[in-house]
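Take a look at the letters that make up each chain.
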Amino acid sequence: RAQVALGDYKEELALFAAADDRFGRDAALHHRYVRTGDRIRSAADTAFQQGVFSQAGGIYRILLQSGITGRRFQEPLSFDTVYLRGRIGSCSKALMELGLVKYRQDDLDGACSIWNKVLAFDPGNKAVTKALRTTGKQRQMLKSISAVVK
C-alpha cells in the first residue's frame, strides 16, 4: 500500500513538472504545484513523526528527485533541498539504529531487512552498505558452522 502511494506521489509530481515545463507562467498551476509539494511533504513528515521511517524516507526522496525545489517558485515551498536531504539522513540514521538493535539481538535477517529499506531511499549510504556486507559474511560463516555441526 505504501508503494502505491509513493508511485502516486511520483506520478503526480511528474505531471505537474511536465505542465510547468509547457505552461511555465501559469500562476494557478504554480499555486497547485506548490500546494501539492507541500501536501506530499506533510505526508512524509507525518510518517516520520509516526516512526515509519522507510515510508517517510521514500517520500522525501521522491520530492528531492522530482526537482520541485529547483523550480522558479521555490520561495513559497515549505521545504528546500537541504530540508529533504536532512530528513533522508534522519530516516537513514533511525533505521540504521533499529537494525543495530536487531543485530545485537542476533536477529541478522531482521537487521538486514531493515537496512535494505534504507537503501531503497538512500542508495549511497555507505554505513548501511558496510553493515549489510559484514552481516552477510557473518550469516555465511554461521551457515558453514551449522553445516559442519550437522
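Residues numbered from 1 in each chain as written. Predicted model: local features only at pLDDT ≥ 70, side-chain atom pairs only at ≥ 80, totals over all residues. Heavy atoms only, no water.

Scanning the protein from N- to C-terminus turns up six helices and zero strands. Going from the N terminus to the C terminus, the protein shows its helices and strands as α-α-α-α-α-α. The C-alpha radius of gyration of the protein comes to 19 Å, more than 25% above the 15 Å expected for a compact globule of 150 residues. Each principal axis of the C-alpha distribution contributes one length, and for the protein these read about 70 × 25 × 25 Å. When each of the 150 residues of the protein is scored for burial, the buried share is 37%. Counted over contacts in the protein with a minimum sequence separation of 6, partners at least 24 positions apart contribute 57%. Accessible area of the protein: about 9,200 Å², with a carbon and sulfur share of 53%. (Helix = DSSP H or I, 4+ residues; strand = E, 2+ residues; numbered from the N terminus. Rg over C-alpha atoms; globule rule 2.2 N^0.38 Å. Buried < 20%, exposed > 50% of the residue type's maximum accessible area, 1.4 Å probe, protein only. Contact = heavy atoms within 4.5 Å. Areas by Shrake-Rupley, 256 points an atom, 1.4 Å probe, with all protein chains shown as cover.)

Take the pattern of salt bridges next. Summed over the entire model, instances satisfying the criterion amount to seven salt bridges. Linking Glu12 and Arg39 is a salt bridge whose minimum nitrogen-to-oxygen distance equals 2.6 Å. A residue pair is termed long-range when its members are at least 10 positions apart, and Glu12 in helix H1 (residues 2–23) and Arg39 in helix H2 (residues 27–49) qualify at 27 residues. Among the residues examined, Glu12 registers a relative accessible area of 25% and is labelled partly exposed. We note a salt bridge from Arg71 to Asp21, for which the minimum N-O separation is 2.6 Å. With Arg71 in the loop between helix H3 (53–66) and helix H4 (81–104) and Asp21 in helix H1, this pair connects stretches of sequence that are 50 residues apart. Taken together, the salt bridges that share partners define one network made up of Asp20, Asp21, Arg71 and Arg72. (Salt bridge = Lys/Arg side-chain N within 4 Å of Asp/Glu carboxyl O.)

For the rest of this paragraph, the subject is the environment of Cys112. Mapped onto the elements of the fold, Cys112 is located in helix H5 (residues 108–121). The exposure class of Cys112 is buried, given its relative accessible area of 6%. Between the C-alpha atom of Cys112 and that of Val128, which follows or precedes it by 16 residues, the distance is 9.2 Å. When sequence neighbours within four positions are dropped, the list of residues in contact with Cys112 reads Leu132, Thr135 and Arg139.

Leu13, Tyr33, Tyr60, Leu63, Ile68 and Trp115 are the most contacted members of the largest nonpolar core, which has 35 residues in total. Listed by contribution, the elements that provide at least two residues to this core are H1, H2, H3, H4, H5 and helix H6 (126–149). For Leu63, the residues in contact, after removing those within four places along its chain, are Leu13, Gly37, Ile40, Arg41, Ile68, Phe79 and Leu84. (Core = buried A, V, L, I, M, F, W, Y, C linked by side-chain atoms within 4.5 Å.)

Moving on, we get to H3. In this model H3 runs 20 Å from its N-terminal to its C-terminal C-alpha over 14 residues, within 8% of the 20 Å that 1.5 Å per residue would give. Of the residues flanking the end of H3, it is Gly67, one or two places downstream, whose phi is positive at about 80°. (Expected span 1.5 Å × (residues − 1).)

Spatial relationships are all this shows, so hold off on functional conclusions.
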